[in-house]
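If you want the building blocks of each chain, they are given just below.
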Amino acid sequence: MSARVGPGGAGARSAPGRRELAYAVLLCLAGAGLALWAVTRTWVVDVADRAELLPLVEEGRTGGQLLAWLPALSLVGLAGGGAVLATRGRVRRVLGGLLVILGLTLAAGGGYGLLGNLGDLVTWAWPALVLLGGILTAAGGALTLLRGHRWPAMGTRYERRPAQSAGGGGPIVGAGTVEAWEALDRGEDPTAH
């Protein structure tokens with residue numbers, strides 16, 4: 001039977017942290033993903049009169065063609081949202097600060113798309129979605145910056161352990177059972193004994 005953790009135990013304390021971590025990651029990923037999607041849509045249509053006998057030609061340009069740095073920042077925001085899961089402590093807080101700056105830069109790009117003189121906008125929705133995506137990314141980064149040091153980190157089972165001496169721990173009892181899997185986790189070869 002497993003021991004239960006009471007209301008004041010470690011399980012109760014980590015639940016809000018896990019929830020906040022999930023919110024921050026989802027905000028960053030949703031915001032950066034929304035911004036990336038919106039910059040691939042047509043923002044501006046230029047109408048060009050090529051010759052007197054040829055009809056008018058409409059050439060559409062996406063937000064990424066108008067502001068080439070927006071797709072790159074959106075991709076960095078997606079990577080940063082995933083990196084929140086893999087970091088901890090002070091590094092996670094620094095990452096949160098970088099995500100705030102990145103999100104505000106994305107929002108500024110969307111705002112420039114709305115208010116700047118880029119040509120005849122097809123619709124205001126695409127730059128507005130980039131603006132919204134930047135705000136969501138910045139909100140996730142701010143949550144990470146302020147509270148990220150309290151959140152749980154990935155377990156130690158994902159970290160590399162130092163190599164053990166060649167003598168090892170002796171033969172593994174019950175190869176093919178749980179002990180064999182635990183030996184693999186320790187870096188030992190269960191078939192070598």
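## What about the overall build of the chain?
Moving on, step 1. In terms of helices and strands, the chain carries 6 helices and 2 strands.
Moving on, step 2. Going residue by residue from the N terminus, the α and β elements of the chain occur as α-β-β-α-α-α-α-α.
Moving on, step 3. When the 193 residues of the chain are sorted by exposure, 31% land in the buried category.
Moving on, step 4. When contacts within the chain are restricted to residue pairs at least 6 apart in sequence, long-range pairs at least 24 apart make up 66% of them.
Moving on, step 5. Total accessible area on the chain stands at roughly 12100 Å², and carbon and sulfur atoms take up 63% of it.

## A short note on the nonpolar core
Moving on, step 1. Core analysis: the largest hydrophobic core is formed by 12 residues, namely Ala-35, Ala-38, Val-39, Trp-43, Val-44, Leu-66, Leu-67, Leu-70, Leu-102, Leu-106, Trp-126 and Val-130.
Moving on, step 2. At the level of secondary structure, the elements contributing two or more residues to this core comprise helix 1 (10-39), strand 1 (42-48), helix 4 (89-115) and helix 5 (125-147).
Moving on, step 3. Sorting elements by how many residues they give to this core places helix 1 first, with 3 residues.
Moving on, step 4. Setting aside its immediate chain neighbours within four residues, Ala-35 contacts Ser-74, Leu-106 and Val-130.
Moving on, step 5. Counting 8 residues, the second largest nonpolar core, distinct from the first, contains Leu-21, Val-25, Cys-28 and Leu-99.

## Section: the side chain of Glu-188
Moving on, step 1. Mapped onto the elements, Glu-188 comes out in the segment after helix 6 (178-186).
Moving on, step 2. Separated by 3.4 Å, the side chains of Glu-188 and Arg-186 make a polar contact.

## Let's talk about a nonpolar patch on the surface
Moving on, step 1. On the surface, a cluster of nonpolar side chains totalling about 300 Å² of accessible area is made up of Val-94, Leu-98 and Ile-101.
Moving on, step 2. Within the fold, Val-94 resides in helix 4.

## Side note on the pattern of salt bridges
Moving on, step 1. As enumerated under the stated definition, the model contains 2 salt bridges in all.
Moving on, step 2. We note a salt bridge from Glu-20 to Arg-147, for which the minimum N-O separation is 3.0 Å. Taken as a pair, Glu-20 in helix 1 and Arg-147 in helix 5 lie far apart in primary sequence, 127 residues in all.
Moving on, step 3. For Arg-147, a relative accessible area of 31% gives the class partly exposed.
Moving on, step 4. A salt bridge links Arg-186 to Glu-188, with the nearest nitrogen and oxygen atoms 3.4 Å apart.
Moving on, step 5. Residue class for Arg-186 comes out partly exposed when judged on its relative accessible area of 35%.
Moving on, step 6. Residue Glu-188 is classed as buried on the basis of its relative accessible area, which comes to 13%.

Cut-off values and rules
- Residues numbered from 1 in each chain as written.
- Predicted model: local features only at pLDDT ≥ 70, side-chain atom pairs only at ≥ 80, totals over all residues.
- Heavy atoms only, no water.
- Helix = DSSP H or I, 4+ residues; strand = E, 2+ residues; numbered from the N terminus.
- Buried < 20%, exposed > 50% of the residue type's maximum accessible area, 1.4 Å probe, protein only.
- Contact = heavy atoms within 4.5 Å.
- Areas by Shrake-Rupley, 256 points an atom, 1.4 Å probe, with all protein chains shown as cover.
- Core = buried A, V, L, I, M, F, W, Y, C linked by side-chain atoms within 4.5 Å.
- Polar contact = N/O pair within 3.5 Å; in protein donor to acceptor, adjacent residues only side chain to side chain.
- Patch = residues over 30% accessible without salt bridge, like charges linked within 9 Å, V, L, I, M, F, W, Y side chains within 5 Å.
- Salt bridge = Lys/Arg side-chain N within 4 Å of Asp/Glu carboxyl O.

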